[in-house]
Amino acid sequence: MDVNEISKNLERDEQETISLIPSLPSDIDFNGTKLFKYQSCWYDSKTLQGILNFQRGFKPQETDIIVASFPKSGTTWLKALTVALLERSKHSSNHPLLSDNPHGLVPVLELRLYTETSKPDLTSFSSTPRLFSTHVPFDTLQGALKTTPCKVVYVWRNVKDALVSLWYFECANLKIKIDEERSLLESMFESFCRGVSYYGPFWEHVLSYWRGSLEDSKNVLFLRYEELKIEPSAQVKKLAEFLGVPFSVEEEESGCVEEILELCSLDNLKNLEVNKIGKTARGVEHKNFFRKGEVGDSKNYLTPEMERRIDMIIEERFRGADLKF
Ligand code: PAP
C-alpha cells in the first residue's frame, strides 16, 4: 500500500470515529475525563479510537492467544505466566521475561497496537502463537475476532482489591503520596459503584467473559486471581493444558511448574532490573505494575460502609451466576 492510500485509510477511520462519538452516551469519570459508552462499556475517546481500529482491522489467526482482564485484576501476572509456559522449552538463560516487562511482551491491542491505525505493522508477531492482550469485554472482543476461534484467557479479581490497586497505580503514576489522596479513592469508588468507570461497569465485564467461558470452554478460560494465589500449581497446569502446552510427567517431576511460578512471582519480577528501571511504550514505569499482590488488601483502605455498598451491588449484579467473591 502506498503512502497516499495509507493516509486516506487513516483519514477514513478517523472520520468514522469522529462521526460515531457524538451519537454515543457520554458521562464524566472520577477525574473529570469524558467517557463514551460503546457496546455497554465506558472508554475515553483515545481508547475508543483504538477499539474501533482494532475491530475494523484485526485479522485474527486461529493460533492467536488473547490475555484479557478488567484493569488491575492480575494482567501482569497472567501475561508473565503465559509467556513462561509457551517459552519454556526454548530458553535457559536469555528468557524474554528477564529483558522485558510482561506488558512489553504481550501488548494491549487497543491501547498500543491499534491506537493510531487499523493496520499496524505486526511483522514482529510472525512466530506462532501470537500473544496479545485486551481489556475490552468479551462481546467487543468477539467483534474483532469475528468467528475465528482464538484462545482467550480471562483473569478476574475481587473488585474491591482491583479498585484499591487502581488507586495506588494512579497515585504512583501521578507521583502523589497515597496518604494525601483519600479523596481520589472516594471518587473512584463512586465511579465504580455507578458503573461509569474506564472499562466499566466491572460486573458487565466479568459476566461477559463468564458467559463466554460457559458457551465455549474450549476457547475461553476463566481464571480467578484469588485462586491463582491459593493453588498456583493447579491453576498453572490448567492454563498450560488450555493453551495446548500441558506439562509432561518428566517436566512435573523435574520441578518445571515450580520454576515457572518462581520466575513469574511478584517478588522475582519486581526485583528484575528491567522492571525496576524501565517504562512501557506509553510511559508508565514498570515498577508501578508491582505492589503487594495481597488478597483482601482493600480492607485496609475501604470503610465498612464502602465495603457493604459494593458487596450489595455485586451480589445483585451477579445473582443467577455462580460467581462468588
Ligand atoms: P494492569 O491492569 O495495569 O496490567 P494488573 O497487573 O492487572 O495491572 O494488576 C496489578 C496488580 O497485580 C497489583 O496488585 P496490588 O496493587 O493489589 O498489589 C500487583 O501487585 C499485582 N501483581 C503484579 N504482578 C504480580 C505477580 N507476578 N503475582 C501476583 N500479583 C501480581
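Residues numbered from 1 in each chain as written. Predicted model: local features only at pLDDT ≥ 70, side-chain atom pairs only at ≥ 80, totals over all residues. Heavy atoms only, no water.

The protein chain is annotated in an unreviewed UniProt entry as Sulfotransferase of Brassica napus. Per UniProt, the protein chain has the following entry under Sequence similarities (unreviewed entry): "Belongs to the sulfotransferase 1 family." (UniProt positions renumbered as here; feature names shortened; annotations may be inferred.)

A.B. asks: What is the right way to look at the site of the ligand in this model?
C.D. replies: Surrounding the ligand, one finds 21 residues, the nearest of these being K72, T75, T76, S165 and G293. Here C264 contributes a backbone N or O atom positioned 2.8 Å from a nitrogen atom of the ligand. Out of a free accessible area of 640 Å², the ligand has 97% covered by protein chains. For the shell around the ligand, the elements supplying multiple residues, two or more each, are α3 (75-87) and α15 (266-270). In terms of residues, the shell around the ligand owes the most to one element, α3, which gives 3 residues. Across the shell around the ligand, the residue classes break down as 8 nonpolar, 9 polar and 4 charged. (Near = heavy atom within 4 Å. Polar contact = N/O pair within 3.5 Å; in protein donor to acceptor, adjacent residues only side chain to side chain. Areas by Shrake-Rupley, 256 points an atom, 1.4 Å probe, with all protein chains shown as cover. Helix = DSSP H or I, 4+ residues; strand = E, 2+ residues; numbered from the N terminus. Nonpolar A, V, L, I, M, F, W, Y, C, P; charged D, E, K, R; others polar.)

A.B. asks: Before we go on, may I ask you to explain the sheet that holds strand β2 (residues 34-38) in this structure?
C.D. replies: Backbone hydrogen bonds are what pair the strands of a sheet, in a parallel or an antiparallel way. Strand order across the open sheet formed by 3 strands is β1-β2-β3, with antiparallel pairing between neighbours. Of all strands in the sheet, those with a lone pairing partner are β1 (26-28) and β3 (41-43), marking the two edges. Shown here is a sheet whose adjacent strand axes are inclined to one another by a mean of 35°, direction ignored. Relative to β3, β2 runs antiparallel, the two sharing 3 bridges. When the bridges of β3 are listed, K37 appears paired with W42. Packing against the sheet, helix α2 (residues 45-57) makes contact with β2 and β3, and its axis sits at approximately 30° to β2. (Pairing = 2+ DSSP bridges. Axes fitted to C-alpha atoms, helices over the stretch in contact; angles between N-to-C directions. Contact = heavy atoms within 4.5 Å.)

A.B. asks: Explain the sheet that holds strand β7 (residues 220-224) to me, please; I cannot follow it from the model alone.
C.D. replies: Here 4 strands make up an open sheet; going across it, the order is β5-β4-β6-β7 and the pairing parallel. Strands with a single pairing partner mark the edges of an open sheet, and in this sheet they are β5 (131-134) and β7. Strand-to-strand twist in this sheet, taken as the mean axis angle between neighbours without regard to direction, amounts to 20°. Pairing of strand β4 (residues 65-69) with β5, which is carried by 4 bridges, proceeds in the parallel orientation. Bridging from a neighbouring strand, A68 pairs with T134 of β5. In the packing of helix α10 (residues 202-215) onto the sheet, the strands contacted are β4, β5, β6 (151-156) and β7, and the crossing angle to β7 comes to about 130°. Together, β6 and β7 form the strand contacts of helix α12 (residues 232-242), whose direction differs from that of β7 by roughly 165°.

A.B. asks: Honestly, the nonpolar core in this entry has me stumped. Any pointers?
C.D. replies: When a protein is soluble and globular, its nonpolar side chains tend to lie buried together. If you look at the biggest cluster of nonpolar residues, it comprises 64 residues, and the most contacted ones within it are W167, F318 and L323. No other element matches the 7 residues that helix α8 (residues 159-174) contributes to this core. When near neighbours in sequence (up to four residues on either side) are disregarded, L323 contacts W156, V206, L207, W210, F222 and F318. Counting 38 residues, the second largest nonpolar core, distinct from the first, contains V83, A84, V155 and L272. (Core = buried A, V, L, I, M, F, W, Y, C linked by side-chain atoms within 4.5 Å. Buried < 20%, exposed > 50% of the residue type's maximum accessible area, 1.4 Å probe, protein only.)

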